[in-house]
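Each chain, letter by letter, is given below.
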Amino acid sequence: MSGQQLKEIFAANLNYYIEKKGITQTQLANDLNIPKMTMSNWLHANTYPRPDKVQLLADYFGIYRSDLTEERKPENLTPATSEYVSVPILGQIACGDPIYVEENFAGYRTELKDSLPSGNTYYLEAKGNSMEPTIPQGASVLIREQPEVENGEIAAVLLNGDTEATLKRIRKQNGYLMLMPDNNEFDPIIADQTNPCKIIGKAMRYSFDL
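Residues numbered from 1 in each chain as written. Predicted model: local features only at pLDDT ≥ 70, side-chain atom pairs only at ≥ 80, totals over all residues. Heavy atoms only, no water.

A. Molecular detail of the overall build of the protein. Scanning the protein from terminus to terminus reveals five helices and nine strands. Counting helices and strands in the order they occur from the N terminus, the protein gives α-α-α-α-α-β-β-β-β-β-β-β-β-β. By residue count, 38% of the 210 residues in the protein fall in the buried class. When contacts within the protein are restricted to residue pairs at least 6 apart in sequence, long-range pairs at least 24 apart make up 57% of them. Entry remark: accessible area of the protein is about 12,000 Å², with carbon and sulfur atoms responsible for 47%. (Helix = DSSP H or I, 4+ residues; strand = E, 2+ residues; numbered from the N terminus. Buried < 20%, exposed > 50% of the residue type's maximum accessible area, 1.4 Å probe, protein only. Contact = heavy atoms within 4.5 Å. Areas by Shrake-Rupley, 256 points an atom, 1.4 Å probe, with all protein chains shown as cover.)

See below:
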């Protein structure tokens, strides 16, 4: 079988799974952080992906690599079972604006839908070391959007005039809201009328990219 035939088989199979999943090639490229031109070349049988990219695509669709690389009739292809979603990474967040505006987006992370908590989710990068050792500096922290958290839980909080969310443990005491660092080298922050704060979400977990 010629190299061009292999490209055409791969292109046909990839187009099949894109259509079956109901997404666009642009969305697929964005979800997997693949250049749009590279994706277009695969889909038009101009180039053939490296083995690691074939595996990346197979994992995305929840299929075998052979479903993409071997010639098969559509009815014999493995159904796409795993559903992935793009979770936004938020950078600067203005206090008076909605969270989900274009200016706040710093990119996306692809996650299995079943692994995410219910509700709207987004990622924030932990800046500074005030929450160490619980949350290391530079970690990507998954946040579930919600206006309140329970006493003792870690929340993403906007302070008055701040354009970035800070991660702090919430303590409620005698009508006051205290933002507690887990690192004892830092001082607590007391939220009151002169120093208001806004809880924008609950920290669910964190991860690192190696």
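So, next bit.
B. Up close: the side chain of R169. Counting through the fold element by element, R169 comes out in strand β6 (residues 166–173). Since its relative accessible area comes to 18%, R169 is described here as buried. Contact partners of R169, with chain neighbours within four places excluded, come to M131, T134, G152, E153, I154, M178, L179, M180 and D182.

C. Here's a closer look at the pattern of salt bridges. Using the criterion set out here, one finds four salt bridges in the structure. With a closest N to O distance of 3.2 Å, R50 and D52 form a salt bridge. Classification of D52 as partly exposed rests on a relative accessible area of 41%. In this structure, the salt-bridge partner of E148 is K172, at a minimum N-O distance of 3.9 Å. Here the residue E148 occupies a position in the loop between β4 (140–145) and β5 (154–159), and K172 occupies one in strand β6, the gap between them amounting to 24 residues. (Salt bridge = Lys/Arg side-chain N within 4 Å of Asp/Glu carboxyl O.)

D. Structural context of the packing of helix α1 (residues 3–21) against helix α4 (residues 51–61). At their nearest, the axes of α1 and α4 sit 11 Å apart, and the two run at 25° to each other. By the criterion of interaxial angle, the relationship of α1 to α4 is roughly parallel. Crossing angle aside, the handedness with which α1 passes α4 is left-handed. Contact residues: α1 offers F10, L14, Y17, I18 and K21, while α4 offers V54, L57, Y60 and F61. Of the residues assigned to the contact of α1 with α4, the class counts are eight nonpolar, no polar and one charged. (Axes fitted to C-alpha atoms, helices over the stretch in contact; angles between N-to-C directions. Parallel < 35°, antiparallel > 145°, perpendicular 65-115°, else oblique. Left-handed = near helix turned anticlockwise from the far one by under 90°. Nonpolar A, V, L, I, M, F, W, Y, C, P; charged D, E, K, R; others polar.)

E. View of the nonpolar core. Ranked by internal contacts, the top residues of the largest apolar core, which has 19 residues, are L14, L28, M39, L57, F61 and L68. When contributions to this core are tallied by element, the ones reaching two or more residues are α1, α2 (25–32), α3 (36–43) and α4. When residues in this core are grouped by element, the largest group, five residues, is from α4. Filtering out sequence-adjacent residues up to four positions away, L57 remains in contact with F10, L14, L28, L32, M39, W42 and L68. Core analysis: the next-biggest nonpolar cluster, separate from the first, contains 16 residues, I99, I154, L158 and L167 among them. (Core = buried A, V, L, I, M, F, W, Y, C linked by side-chain atoms within 4.5 Å.)

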